[in-house]
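Residues per chain are reported as follows:
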Amino acid sequence: MHIDWFVFLCQIVNLLLLLWLLKKFLYGRIIGAMDAREAKIANTFEEAEKARDAARAAESQYEQRLQRLETEYEGMMNSARQEAESRRKEMMDLARAEVDRLQERWLETVRSERDAFLQELRRMAGTQIYAITRRVLRDLADVELEKRIVEILMERIEAMDEEERRKFRDSVAEGGFITVQSAFDIPPDEQRRLDEAIHRHISDGAEVVFERTDDVMTGYELKSDGHKIAWSIKDYVDSLEEKFYHALYEEAQEKR
Amino acid sequence: MEVVAIDQISPDQVILFTWGIVTVNATLAYTWLIMGLLVVGSLVITRDLSSERTMSRWQNLMEVIVGTIRSEIREIAHEGTDTYFPFIATVFLFILFSNVFTFIPGYVAPTSSLTTTTALAILVFVAVPLYGITKNGVVEYLKEYFRPTFIFFPFHVMGEFSRTLALAVRLFGNLMSHEKVIAILLAVTPLFFPVVMQVLGLLIGLIQAYIFAILAMVYIASATQTHEETGHKPTKETETVKIQ
């Protein structure tokens, strides 16, 4: 157990010297490097934190934008749907209107054709009835129908009351003339007889004009300035037409 | 090849050079060797220090050592780590390097000399009041010797001396006895056993360096924190935050 005091002092100096040297060459530098690294790491973490915050903010922003876009998309889709629906409705209305119009035109055509047909039917029926009636009358009475009709007209002229005669006279006095319209040509003899009958029962100076027209069908009309007396199988034909029209209408209704 | 003969208790007795009172013995020579190694090593390692993520393995080793010492000091002292660090680290590194080279034939650890361990213990003996006074002032420091009552003053003084003596003798005893055991074993069983003992010697050297440094730190801490409230949780929390 020996202590060399010189060595002891030397060791103290040595250790203090070592302390100073290490402090100068080792600790300061190493600790400096460590602190710098720590600061760098902290800085990196801070930057990462900032980047994360920025990324979160961006994410939130993009989410909001996406949501807004989705809402807008929904809105646009709804508006487009509504527009398409209204457009469809409009086009359907137009189509319906067009169909209605076409139907109306078709019905009009049908009606017109029906009327034309009935007109033709009436004319043919009248002609046939006239032919049948004439043949029947000829067969039964052995009298020509025209002659009989003229007789009926003359009977009517004779049977006219004073009021009717006055109307015809007033018309003749004002410069008019009396027209006898018939569906057939009245033979000259009969014309003469009628002329006489008119002169005798209505007015002496009356000018009588004979006209043939299909309008009266089989029969006659005695007209003067709006006044007339008439007999025709047109009435019978009208009745036939009415019945025929009803029959046709009912058939059309059933088909529809 | 033994530098220190079996009958020589210390490398102090191996005189290399003498001139008057100036005596250069093996202790001084090996101390200078260790100092030179430490200083040159420091210069080499710190020559290209990197504060980037990648670094040299030597720098990494030094950072691990420095970091460990700092954390140990922090655990004991809680604060002022960097104030005590150079002293504690120097003591630790010196003892550690002195001890671990004992596996080299012909090398004698300077710490197996009572002169060296006494010098180290005296440094601690001086450092303790120095740090205490620096931290708390002379009066506050001296007051500690009379706590809890003045009766305790002699015991405090005795404690100061006895622990210094213990520091010196513990280190010296361990290292010296280990060397003697190795020498004896070499004579008795030259194969295998000395190797095992050398390995054990590395462990002992490391542990002794650790014990010396930790005790020095504890003494300093007790001098600087004697009358302060115990518990320095904020420091711990600060550290936790820093690590995160």
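The rules behind the values
- Residues numbered from 1 in each chain as written.
- Chains lettered and ligands numbered in written order.
- Predicted model: local features only at pLDDT ≥ 70, side-chain atom pairs only at ≥ 80, totals over all residues.
- Heavy atoms only, no water.
- Helix = DSSP H or I, 4+ residues; strand = E, 2+ residues; numbered from the N terminus.
- Buried < 20%, exposed > 50% of the residue type's maximum accessible area, 1.4 Å probe, protein only.
- Areas by Shrake-Rupley, 256 points an atom, 1.4 Å probe, with all protein chains shown as cover.
- Salt bridge = Lys/Arg side-chain N within 4 Å of Asp/Glu carboxyl O.
- Contact = heavy atoms within 4.5 Å.
- Buried area = accessible area lost by both parts, 1.4 Å probe.
- Pairing = 2+ DSSP bridges.
- Patch = residues over 30% accessible without salt bridge, like charges linked within 9 Å, V, L, I, M, F, W, Y side chains within 5 Å.
- pLDDT = per-residue confidence, 0-100.
- Phe/Tyr/Trp six-rings, centres within 6.5 Å; stacked < 30°, edge-to-face > 60°.
- Lys NZ or Arg CZ within 6 Å of the ring centre and 35° of its normal.
- Axes fitted to C-alpha atoms, helices over the stretch in contact; angles between N-to-C directions.

K.L.:
How should the overall build of chain A be read in this particular structure?
P.N.:
On a plain count of helices and strands, chain A comes out with five helices and four strands. What you see in chain A, going N to C, is helices and strands ordered as α-α-α-β-α-β-β-β-α. The 256 residues of chain A split such that 28% are buried. Element-wise, carbon and sulfur atoms account for 53% of the exposed surface of chain A, whose accessible area totals about 17800 Å².

K.L.:
I'm lost on the pattern of salt bridges in this one. Help?
P.N.:
Between side chains of opposite charge, a pair can form as their charged atoms come close. The full count for this structure, using the stated rule, is 17 salt bridges over all chains. For the salt bridge of Arg52(A) with Glu49(A), the shortest nitrogen-to-oxygen distance reads 2.6 Å. Here the residue Arg52(A) and the residue Glu49(A) both occupy positions in helix α1 (residues 5–141), the gap between them amounting to three residues, near one helical turn. For the salt bridge of Arg111(A) with Glu108(A), the shortest nitrogen-to-oxygen distance reads 3.1 Å. Of this pair, Arg111(A) and Glu108(A) both sit in helix α1, three residues apart, which is roughly one turn of that helix. Using a relative accessible area of 45% as the deciding quantity, one classes Glu108(A) as partly exposed. It is possible to trace a salt-bridge network through shared partners that takes in Glu140(B), Lys143(B), Glu144(B) and Arg147(B).

K.L.:
Would you explain the environment of Ile76(B) in this entry?
P.N.:
Residues and elements named next belong to chain B. Residue placement: Ile76 occurs in helix α2 (residues 57–77). For Ile76, a relative accessible area of 22% gives the class partly exposed. The spatial distance from the C-alpha of Ile76 to the C-alpha of Ile214 is 8.5 Å, given a sequence separation of 138 residues. Leaving out residues up to four positions away in the same chain, Ile76 has contacts with Ile214, Met217, Val218, Ala221 and Gln225.

K.L.:
Can you help me understand the interface of chain B and chain A in this one?
P.N.:
Size of an interface, as often reported, equals the accessible area lost when the parts are brought together. In this assembly, 47 residues from chain B lie in contact with 34 residues from chain A. Surface buried jointly by chain B and chain A totals about 3700 Å² across both partners, of which 74% is contributed by carbon and sulfur atoms. The tally of links between chain B and chain A comes to one salt bridge. Across the pair Glu63(B) and Arg37(A) runs a salt bridge, and its minimum N-O distance is 2.6 Å. Elements represented by at least two residues in the side of chain B that touches chain A include exactly β2 (22–25), α1 (26–45), α2, α3 (81–100) and α4 (114–136) of chain B.

K.L.:
Could you clarify how one ought to interpret the pairing of β2(B) in this entry?
P.N.:
Successive residues of a regular strand alternate their side chains across the two faces of the sheet. Residues and elements named next belong to chain B. Sheet topology note: the strand β1 (residues 15–19)/β2 ladder contains four bridges and is antiparallel. Counted as the bridge partner of Trp19 is Val22 from β2. Between the end of β1 and the start of β2, which pair antiparallel, lie two residues, with Gly20 showing a positive phi angle near 65°.

K.L.:
Mind showing me how you'd approach a nonpolar patch on the surface here?
P.N.:
Among the surface-exposed residues, Phe146(B), Phe150(B), Ile151(B), Phe152(B), Phe153(B), Phe155(B) and Met158(B) lie close enough to one another that they form a single nonpolar patch of about 770 Å² accessible area. Within the fold, Ile151(B) resides in the loop between α5 (138–143) and α6 (153–188).

K.L.:
Hey, could you run me through unusual backbone geometry in this one?
P.N.:
Glycine aside, a negative phi is what most residues show, and trans is what most peptide bonds show. In the segment running from Arg147(B) into Pro148(B), the intervening peptide bond is cis, with an omega of -10°. Mapped onto the secondary structure, Pro148(B) falls in the loop between α5 and α6.

K.L.:
Sorry if this is basic, but what is going on with the confidence of the model for chain A here?
P.N.:
Detailed reading of the predicted model is not advised wherever pLDDT is low. Per-residue confidence for chain A gives a mean pLDDT of 82; residues scoring 70 or more make up 84%. Between the elements of chain A, mean pLDDT differs from a low of 68, seen in helix α5 (residues 234–255) of chain A, to a high of 87, seen in α1(A).

K.L.:
How should I be thinking about the packing of aromatic side chains in this particular structure?
P.N.:
The way to describe two aromatic rings as a pair is by their centre distance and the angle between their planes. All names here are of chain B. In this structure the tally under the stated criterion is twelve aromatic pairs over all chains. Taken together, Tyr30, Phe97, Phe101 and Tyr107 form an aromatic cluster joined through their ring pairs. The lysine or arginine in question, Arg163, covers the ring of Tyr219, its NZ or CZ lying 4.2 Å from the ring centre.

K.L.:
Looking at this model, I keep getting lost on the sheet that holds strand β1 (residues 178–182) of chain A. Mind explaining?
P.N.:
Residues and elements named next belong to chain A. Within the open sheet, the four strands sit side by side as β2-β1-β3-β4. Their pairing is mixed. Sheet topology places β2 (208–212) and β4 (227–232) at the edges, where each strand pairs with a single neighbour. Averaged over all pairs of adjacent strands, the angle between their axes in this sheet comes to 15°, without regard to strand direction. Against the sheet, helix α4 (residues 188–201) makes contact with β1, β2 and β3 (219–224), and its axis sits at roughly 135° relative to β2, the strand it touches most.

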